[in-house]
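Take a look at the letters that make up each chain.
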Amino acid sequence: MAPPTAVAFVPARSGSERVPGKNVRQLRGHPLLAYAIETALQSGAFSQVVVSTDSEEIAEIARWYGGHVPFLRPAEYATATSPDIEWLSFTLDRLDESYDLFAIVRATNPFRGPDTVNRGLEQLLATPEADSLRAVERVKQHPGKMWLLAEDGRTMTPLLDQSHLEVAWHAGQYQALPPVYSQNSALEIAWTRVVSETGTREGRVVAPFFTQGYEGFNVDDEEDWERAERLLAAGAATLPVIQRAPYAPAG
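Bear in mind that the values here come from a model prediction, so they are computed numbers and not experimental data.

When helices and strands are tallied, the protein shows six helices and ten strands. Here the C-alpha atoms of the protein give a radius of gyration of 20 Å, agreeing with the 18 Å that 2.2 N^0.38 yields for 251 residues. Here the protein holds 251 residues, and 46% of them are scored as buried. Surface accessibility of the protein: about 13,300 Å² in total, with carbon and sulfur atoms responsible for 50%.

Okay, structure coming up:
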């Protein structure tokens, strides 16, 4: 039986607010976007690496680094509040080929390499009951120690009801609390059928993909960008190796 076909999507809209031009801002000589494209290409898992963007400038950069940009994303699917399912459905419907699986490989996770992608794909294929897989990591700020303020701000109650517990979570040590995981943006892989069947990108049964080290590190603001540079300078994190010359605009 032939292995399932897969496509990688690298979303890269313009208009980032907290880090202006984030997707094309240079990190170690290449735009952030380039490392996501290179990660997907080096994994060898995908028939195509498709970049979804609303910007012709970003599209040109993506093509330089080997990404496929068959069309631009409509502006209404590229706002700061646009859900992924909008551009995802739009793109899947318009590709020339159909695929069994898709992965979302975001530009904002530069330290997730091709081995991470392949590990995730192998895990999903080994979990037939799952519609999708999503990267997660154990939380450092446990919701059992979170509080809601009263309207007047004078008192507060636990975010989670703990009245049934002998020792409330907010009164216990972190190590004694039930493990809770938070999603990060390092990797998402799903069967394409879930988009049409459920109208979501993840479906009904989601498998956890536990990221390791800095795989889940996400560049979300200027502080994250500075930390990424420090991690690279210290040798604590690495980027996928890009053999292509740095992007140079024509003319």
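Let's pick the thread back up.
On to the pairing of strand β6 (residues 132-138), then. Summarising burial for β6: five of the seven residues are buried, a large majority. Pairing geometry for β6 and strand β9 (residues 181-191), over six bridges, is antiparallel. Bridged to arginine 138 within β9 is tyrosine 181. Taken together, the five bridges between β6 and strand β10 (residues 206-210) define a ladder with parallel strand orientation. Its bridge partner lying in β10, serine 132 is registered against valine 206.

Here we come to the nonpolar core. With 48 residues, the main nonpolar core has Val10, Leu33, Ile37, Val51, Phe111 and Ile189 as its most contacted residues. Ranked by residue count, the leading element in this core is helix α1 (residues 32-43), at seven residues. Ignoring anything within four residues of it in the chain, the contact list for valine 10 reads Leu33, Ala36, Ile37, Val49, Val50, Val51, Ser52 and Val105. Val7, Phe9, Ile104 and Val195 belong to the second-largest nonpolar core, a separate cluster that totals 14 residues.

Right, let's get into the sheet that holds strand β1 (residues 6-11). Read from one edge of the open sheet, six strands run β4-β1-β5-β9-β6-β10, paired in mixed fashion. This sheet does not close on itself; its edge strands, each paired only once, are β4 (48-52) and β10. The mean angle between the axes of side-by-side strands here comes to 30°, regardless of whether they run parallel or antiparallel. Sitting on the sheet, α1 touches β1 and β4, and the angle it makes with β4 is about 155°.

Basis of the calculations
- Residues numbered from 1 in each chain as written.
- Predicted model: local features only at pLDDT ≥ 70, side-chain atom pairs only at ≥ 80, totals over all residues.
- Heavy atoms only, no water.
- Helix = DSSP H or I, 4+ residues; strand = E, 2+ residues; numbered from the N terminus.
- Rg over C-alpha atoms; globule rule 2.2 N^0.38 Å.
- Buried < 20%, exposed > 50% of the residue type's maximum accessible area, 1.4 Å probe, protein only.
- Areas by Shrake-Rupley, 256 points an atom, 1.4 Å probe, with all protein chains shown as cover.
- Pairing = 2+ DSSP bridges.
- Core = buried A, V, L, I, M, F, W, Y, C linked by side-chain atoms within 4.5 Å.
- Contact = heavy atoms within 4.5 Å.
- Axes fitted to C-alpha atoms, helices over the stretch in contact; angles between N-to-C directions.

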